[in-house]
Amino acid sequence: MPVNPELLGRAFPPTAPYLVGREKVREFARAVFATDPQHDDPAAAVALGYADVVAPPTFAMVIQDFTLQQLLSEPDSGIVLERVVHAEQRFRYTRPIVAGDELSAVLTVTAIRAFGKGAMVTSEAEITDAGGDHVVTATSVLLVGGDE
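Residues numbered from 1 in each chain as written. Predicted model: local features only at pLDDT ≥ 70, side-chain atom pairs only at ≥ 80, totals over all residues. Heavy atoms only, no water.

Asks: Tell me what's going on with unusual backbone geometry, and back it up with residues and numbers.
Replies: For Phe33, which is not glycine, the phi torsion reads 60 degrees and is therefore positive. Note on placement: Phe33 falls in the loop between helix H1 (22-31) and helix H2 (42-47). (Helix = DSSP H or I, 4+ residues; strand = E, 2+ residues; numbered from the N terminus.)

The structure is reproduced here in structure tokens:
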């Protein structure tokens, strides 16, 4: 089944709130070799004006993943995980993610471009804090292969 063109413009329900933990930020920073002290040392982060350690920019993928799971589990999507390659990722920040943030996200499918038997599916996850303020928009492009 090809990617369902009716996905275009579809918005999914907000994800459950995700509480950003200090140790999760530290673990993620180690995993991506982000060695700046603001990612590990609360005093260094406070000296820069933050309430706690600052997550590396790609940490937003942790929250965006919940939204992508919604898309991938949509029964009428036509997206078969075994035929998906994560082709592109972008982030547009209003402010950094900091330990202690409670974040949720809403995913919207913003583009579907057919090619051959496959498609490129672009989605944007608007990630907001507990007060509803924008933190980051995470944009993903999934390359979905067609039937064999």
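Picking up after the structure, the text goes on.
Asks: Give me the lowdown on the nonpolar core, citing residues and values where you can.
Replies: Of all hydrophobic cores here, the largest spans 31 residues; its most connected members are Phe59, Leu71, Ile79, Ile97 and Ile127. Counting only elements with at least two residues in this core, the list comes to H1, helix H3 (60-72), strand S3 (102-115), strand S4 (118-128) and strand S5 (134-144). It is S5 that contributes the most residues to this core, 5 residues altogether. Contacts of Phe59, omitting those with residues within four sequence positions, involve Tyr18, Val20, Lys24, Val25, Phe28 and Ile97. (Core = buried A, V, L, I, M, F, W, Y, C linked by side-chain atoms within 4.5 Å. Buried < 20%, exposed > 50% of the residue type's maximum accessible area, 1.4 Å probe, protein only. Contact = heavy atoms within 4.5 Å.)

Asks: Could you give an account of the packing of aromatic side chains, naming the residues involved and the relevant values?
Replies: What the rule picks out here adds up to 3 aromatic pairs. Taking 6.4 Å as the distance between ring centres and 45 degrees as the angle between the ring planes, the aromatic pair formed by Phe91 and Tyr93 counts as tilted. Note on Phe91: relative accessible area 25%, which makes it partly exposed. (Phe/Tyr/Trp six-rings, centres within 6.5 Å; stacked < 30°, edge-to-face > 60°.)

Asks: Mind laying out the pattern of salt bridges, listing which residues take part and the relevant values?
Replies: According to the stated counting rule, one finds 9 salt bridges in the structure shown. Linking Asp76 and Arg10 is a salt bridge whose minimum nitrogen-to-oxygen distance equals 3.0 Å. With Asp76 in the loop between H3 and strand S2 (84-93) and Arg10 in the segment before strand S1 (18-19), the pair connects residues that are 66 residues apart, well separated along the chain. For Asp76, a relative accessible area of 31% puts it in the partly exposed group. With its nearest N and O atoms 3.3 Å apart, the salt bridge here joins Arg95 to Asp129. A residue pair is termed long-range when its members are at least 10 positions apart, and Arg95 in the loop between S2 and S3 and Asp129 in the loop between S4 and S5 qualify at 34 residues. Given a relative accessible area of 26%, Arg95 falls into the partly exposed group. On the basis of relative accessibility, which here comes to 15%, the residue Asp129 falls in the buried class. (Salt bridge = Lys/Arg side-chain N within 4 Å of Asp/Glu carboxyl O.)

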